[in-house]
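# An overview of the molecular structure
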Amino acid sequence: MPVESQAPGDPGDDEETRPQPGLQSFPFTFDCSTIGGAPSFIEADIADELWDDSASLSESVQTFPEEFGRTYHAYRAGGSRAVYAFPNDNTEQERLALQGQILKALFGDSLYLAPLSKSRPPRNILDIATGIGDWAIEMGDAFPDSQIIATDLSPIQPLEVPPNVNFFVEDSSDPWIYSQSFDYIHTRSTGGCWTSFQTQIAEQAFTALNPGGWFESQAVIFPMHSAEDSRTANANPILKWISSR
C-alpha cells in the first residue's frame, strides 16, 4: 500500500522556531489494491480471534479420541495423512518408559552412540517422535548448554522439564520449517511411524543438519515369522504390512 507524504514548512526555516509537524499535517494518499477485479479492504484487527483459535487448538490436541478402551493422538487423527497406530494412554506411556530404560541399558547406559562431546556440546538437538519425552529430558540434563527441541503428535510429556528442553505438537512427516539447523537429530523405536522413513525423516534430517552434524536413528529389529506354509507366508497380512514400512 503506497503512501505519499509531504512535510510542510520551508527548508530554510529555523529548526528551533519552526513548528514540529504532526501527523495531521501530512496529506496521505492510499492506493487500494484489487483482487479479482474487486477492491480489497483493510480488515479490522483480528488478533483476539487468532488467540481464540490458538486456545481451541491447544484444547483440541489434548482431547484424545477413545477406541476400545484406549486413547489415541488427537492431532491429525483420522485425517487423510498417515496416522500413528499406537495409543497414548497411561498403559502405553508406561511401556514407552520401560522401552527407554531397556534401550539405554543395551547401549551401555548411554543415551546416544554418536561421538558427541561434553567439552564441545551440540548447540541444537532435535528429537523426533519424542513420546513421553524421557530421552529429551535426560539429554537436557546431560547437555545443559544445548537447546533441545522435541516433537510428537501427542502432548503427553511432563510439564516440569529442564529449561533448555522444549516440546512441540507436530507431525514430523510435514516439511520441516525450523528456523535453525541442528548439530544432532535423534529418533528412537519409530518403526511404523511413517509411510516413508527415507523421504519424510532421513532426507529432511540430513538437510536440517549443520555441517559435521549427526543423525542417529535407534531401532531394534524384530524378525517376523509365520507358522504358515512357506508358499503362503508372503501373503500373511501382518508380514506384508511389516515389509512395506
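The numbering scheme is per chain: residues are counted from 1 as the chain's sequence reads. Reporting of local features is limited, given that this is a predicted model, to residues whose pLDDT is at least 70; pairs of side-chain atoms are given and counted only at 80 or more, and all residues count toward the totals for whole chains, interfaces and linings. The side-chain values count all of the structure's non-hydrogen atoms but skip hydrogen atoms and water molecules.

In the annotation of an unreviewed UniProt entry, the protein is listed under the name Methyltransferase domain-containing protein and assigned to Hirsutella rhossiliensis. UniProt positions are given in the numbering used here, feature names are shortened, and annotations may be inferred rather than shown by experiment. The record in UniProt for the protein states the following under Sequence similarities (unreviewed entry): "Belongs to the methyltransferase superfamily. LaeA methyltransferase family."

### Structural notes on the environment of Tyr84
Counting through the fold element by element, Tyr84 comes out in the loop between strand S6 (70–71) and helix H2 (90–106). Residue class for Tyr84 comes out partly exposed when judged on its relative accessible area of 23%. Along the primary structure Tyr84 and Gly192 are separated by 108 residues, whereas in three dimensions their C-alpha atoms are 7.7 Å apart. Whether two residues are in contact is decided by their heavy atoms: any pair within 4.5 Å suffices. Apart from the residues within four sequence positions on either side, Tyr84 is in contact with His73, Glu92, Leu153 and Cys193. Secondary structure is summarised from DSSP: a helix means a run of H or I of at least four residues, a strand means a run of E of at least two, and numbering begins at the N terminus for each. Partly exposed describes any residue whose relative accessible area lies between the buried limit of under 20% and the exposed limit of over 50%, with all areas from a 1.4 Å probe on protein chains only and scaled to the type maximum.

### A closer look at the nonpolar core
Side-chain atoms within 4.5 Å are what join buried Ala, Val, Leu, Ile, Met, Phe, Trp, Tyr and Cys residues into a set we call a nonpolar core. One finds Leu126, Ile128, Trp176, Tyr178, Phe182, Ile185 and Phe215 to be the most contacted residues of the largest nonpolar core, which totals 15 residues. For this core, the secondary structure elements donating two or more residues are strand S10 (182–188), helix H4 (197–208) and strand S11 (209–218). Sort the elements by how many residues they give to this core and H4 lands first, with four residues. Counting 13 residues, the second largest nonpolar core, distinct from the first, contains Ala114, Leu116, Trp135 and Val165.

### Notes on the side chain of Asp171
Position of Asp171 relative to the elements: it lies in the loop between strand S9 (165–169) and S10. In this structure Asp171 comes out as buried when scored by relative accessible area, which is 6%. Definition of a polar contact: a pair of N or O atoms within 3.5 Å, with one able to donate and the other able to accept a hydrogen when the atoms are protein atoms, and with sequence-neighbouring residues admitted only if both atoms are side-chain atoms. A polar side-chain atom of Asp171 sits 2.6 Å from a polar atom in the side chain of Ser173.

### As for the packing of aromatic side chains
Two aromatic rings, drawn from Phe, Tyr or Trp (for Trp, its six-membered ring), form a pair once their centres lie within 6.5 Å of each other, and the interplanar angle then sorts them: stacked below 30 degrees, edge-to-face above 60, tilted otherwise. Scanning the entire structure with this criterion turns up six aromatic pairs. Taking 5.8 Å as the distance between ring centres and 50° as the angle between the ring planes, the aromatic pair formed by Tyr112 and Phe143 counts as tilted. You can see Tyr112 sitting in the loop between H2 and strand S7 (124–127) and its partner Phe143 sitting in the loop between helix H3 (134–142) and strand S8 (147–152), a full 31 residues away along the chain. Both rings, one in Tyr178 and one in Phe182, keep their centres 5.3 Å apart while their planes meet at 90°; by these two values the pair is edge-to-face. Clustering of aromatic rings is evident, with ring pairs tying together Trp176, Tyr178 and Phe182. Placement of a positive charge over a ring is assigned whenever Lys NZ or Arg CZ falls within 6 Å of the ring centre and within 35 degrees of the normal to the ring plane. Above the ring of Phe86, the side-chain terminus of Arg95 is found at 5.8 Å from the ring centroid. Note that Lys118 overlies the ring of Phe143, its terminal NZ or CZ placed 5.5 Å from the centroid.

### A closer look at H3
For H3, every residue scored as buried is listed here: Asp134, Trp135, Ala136, Ile137, Met139 and Gly140. Where H3 is buried, its residues meet H2, S7, S8, S9 and S10.

### Focus: the pairing of S8
In the case of a regular strand, side chains alternate between the two sheet surfaces. Judged by how many residues are buried, S8 sits mostly within the fold: five of six residues are covered. As paired elements, S7 and S8 share four bridges and run parallel to each other. Bridge assignment links Ile125 to a residue of S8, and that residue is Ile148. Viewed with both strands pointing away, a crossover whose connecting path from the first strand over the helix to the second turns clockwise is right-handed. With H3 bridging S7 and the parallel S8, this β-α-β connection has right-handed handedness. Strands qualify as paired when DSSP identifies two bridges or more between them. Relative to S9, S8 is paired through five bridges, and the arrangement is parallel. Looking across to S9, one finds that Thr151 is bridged to Phe168.

### Quick notes on the sheet that holds S7
Strand order in this open sheet of five strands is S9-S8-S7-S10-S11, and the pairing throughout is parallel. Edge strands, defined here as strands with exactly one partner in the open sheet, are S9 and S11. Across the sheet, the axes of successive neighbouring strands diverge by a mean angle of 15°, strand direction being ignored. Examined bridge by bridge, S7 and S10 share three bridges and lie parallel to one another. Its bridge partner being in S10, Asp127 is matched across the sheet by His186. Set on the sheet, H4 makes contact with S10 and S11; between it and S11 the angle comes to about 145°. Lines are fitted to the C-alpha atoms to define the axes, a helix being fitted only along its stretch in contact, and any angle between axes, read from their N-to-C directions, falls within 0 to 180 degrees.

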